[in-house]
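Chains, contacts and geometry: an overview
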Amino acid sequence: AQSVTQLDSHVSVSEGTPVLLRCNYSSSYSPSLFWYVQHPNKGLQLLLKYTSAATLVKGINGFEAEFKKSETSFHLTKPSAHMSDAAEYFCVVSGPAGGTSYGKLTFGQGTILTVHP
Amino acid sequence: GAGVSQSPSNKVTEKGKDVELRCDPISGHTALYWYRQSLGQGLEFLIYFQGNSAPDKSGLPSDRFSAERTGGSVSTLTIQRTQQEDSAVYLCASSLAGGEYEQYFGPGTRLTVT
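The text that follows walks through the structure, step by step, so that each part is easy to find. (Residues numbered from 1 in each chain as written. Chains lettered and ligands numbered in written order. Predicted model: local features only at pLDDT ≥ 70, side-chain atom pairs only at ≥ 80, totals over all residues. Heavy atoms only, no water.)

It is worth spelling out the interface of chain A and chain B at this point. Contacts between the two partners involve 17 residues from chain A and, on the opposite side, 17 residues from chain B. Summed over both sides, the interface of chain A with chain B buries roughly 1,500 Å², with 54% coming from carbon and sulfur. Contact with chain B buries surface across chain A, with Leu44, Tyr102 and Lys104 of chain A losing the most and accounting together for 32% of the total. Inspection of the region where chain A meets chain B yields 1 salt bridge. Across the salt bridge formed by Asp56 of chain B and Lys104 of chain A, the nearest N and O atoms sit 3.1 Å from each other. (Contact = heavy atoms within 4.5 Å. Buried area = accessible area lost by both parts, 1.4 Å probe. Salt bridge = Lys/Arg side-chain N within 4 Å of Asp/Glu carboxyl O.)

Let us now look at the pairing of strand E3 (residues 19-24) of chain B. As a general feature of sheets, a regular strand has side chains that alternate between the two faces. Residues and elements named next belong to chain B. Taking every second residue as pointing to the same face, the buried face of E3 carries Val19, Leu21 and Cys23, while none of Glu20, Arg22 and Asp24 on the other face is buried. Pairing analysis gives 3 bridges linking strand E1 (residues 5-7) to E3, with the strands arranged antiparallel. What sits directly across from Ser7, in E3, is Arg22. Where E3 lies against strand E7 (residues 75-79), 5 bridges are found, and the strand directions are antiparallel. Of the residues in E7, the one forming a bridge with Cys23 is Ser75. (Buried < 20%, exposed > 50% of the residue type's maximum accessible area, 1.4 Å probe, protein only. Helix = DSSP H or I, 4+ residues; strand = E, 2+ residues; numbered from the N terminus. Pairing = 2+ DSSP bridges.)

Attention now goes to the side chain of Arg64 of chain B. All names here are of chain B. Note on placement: Arg64 falls in the loop between strand E5 (42-50) and strand E6 (65-69). Arg64 sits in the buried class, given a relative accessible area of 12%. Discounting residues that sit within four places of it in the chain, Arg64 has contacts with Thr78, Ile79, Gln80, Arg81, Thr82, Gln83 and Asp86.

Scanning all chains against the criterion turns up 14 aromatic pairs over all chains. With centroids separated by 6.0 Å and ring planes inclined at 70 degrees, the aromatic side chains of Tyr35 of chain B and Phe45 of chain B adopt a geometry described as edge-to-face. Separated by 10 residues along the polypeptide, Tyr35 of chain B in strand E4 (residues 31-38) and Phe45 of chain B in strand E5 bring together distant segments of the chain. For Tyr35 of chain B, a relative accessible area of 0% gives the class buried. By relative accessible area, which is 11% here, Phe45 of chain B ends up buried. Seen in terms of ring centroids, Tyr35 of chain B and Phe105 of chain B are 5.5 Å apart; in terms of plane orientation they differ by 40 degrees. Their pairing is tilted. A residue pair is termed long-range when its members are at least 10 positions apart, and Tyr35 of chain B in strand E4 and Phe105 of chain B in strand E9 (residues 104-105) qualify at 70 residues. Per residue, the accessibility class of Tyr35 of chain B equals that of Phe105 of chain B, and both read buried. Through successive ring pairs, a cluster of aromatic residues spans Phe34, Tyr36, Phe90 and Phe107 of chain A together with Tyr33, Tyr35, Phe45, Tyr48 and Phe105 of chain B. (Phe/Tyr/Trp six-rings, centres within 6.5 Å; stacked < 30°, edge-to-face > 60°.)

Once that is clear, we can look at the state of the cysteines. Residues and elements named next belong to chain A. Summed over all chains, the structure comprises 2 disulfides over all chains. Between the sulfur atoms of Cys23 and its disulfide partner Cys91 the distance amounts to 2.0 Å. The sign of the S-S torsion, about -65 degrees, decides the handedness of the disulfide formed by Cys23 and Cys91: left-handed. Of the two residues, Cys23 is situated in strand E4 (residues 23-26) and Cys91 in strand E10 (residues 87-94); the sequence distance between them amounts to 68 residues. No difference in accessibility class separates Cys23 from Cys91, as the two residues are buried. (Disulfide = S-S within 2.5 Å.)

Nothing here speaks to function; it is all geometry.
This is the structure:
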């Protein structure tokens, strides 16, 4: 079975400062990992995904994440926060290719990002 | 193009009643997923349809929950004899195929059981 743990339920930053949202995963195989964002009263949107290619993954809106197998981490970063980044972010893992859970997403508990002017 | 649509957007029902939630996936997407988002449990997988294969129902919380997908397109999630703990936002997603293809999510149906 796979799981993800988001280490912070809330993160608060000032506009223009870096963003770090932390995620650790647990998996007995090489996982596919994703970050999704949910703006208030909006649907979930994919930010980026890791599927065993490059370990540094670039996503939309300037976000990126680095897959570190030795640390079982997949932290999300952005060099400079913008007010429009305020939302809830979910770290997500998918089951392995060929397995019964392939494509089924397991979500972390979410991190609410607040951006102060 | 059109995204995933869900109806109704909000549903209030009395405990014990049955409800049906509808999902219209993106045209051409063969995979369709249902998830539930609730305060206590976060986001949980419910059921997965892929093409003409038998659905993966492993996430359904009880036998009061069922889903079908007609003609490989529209899906309906049915909850029988609703309970207060069924109150949640029910999200539908579709993808071009199963596996690691990006899942596109609908806006959800907010279900409130009184």
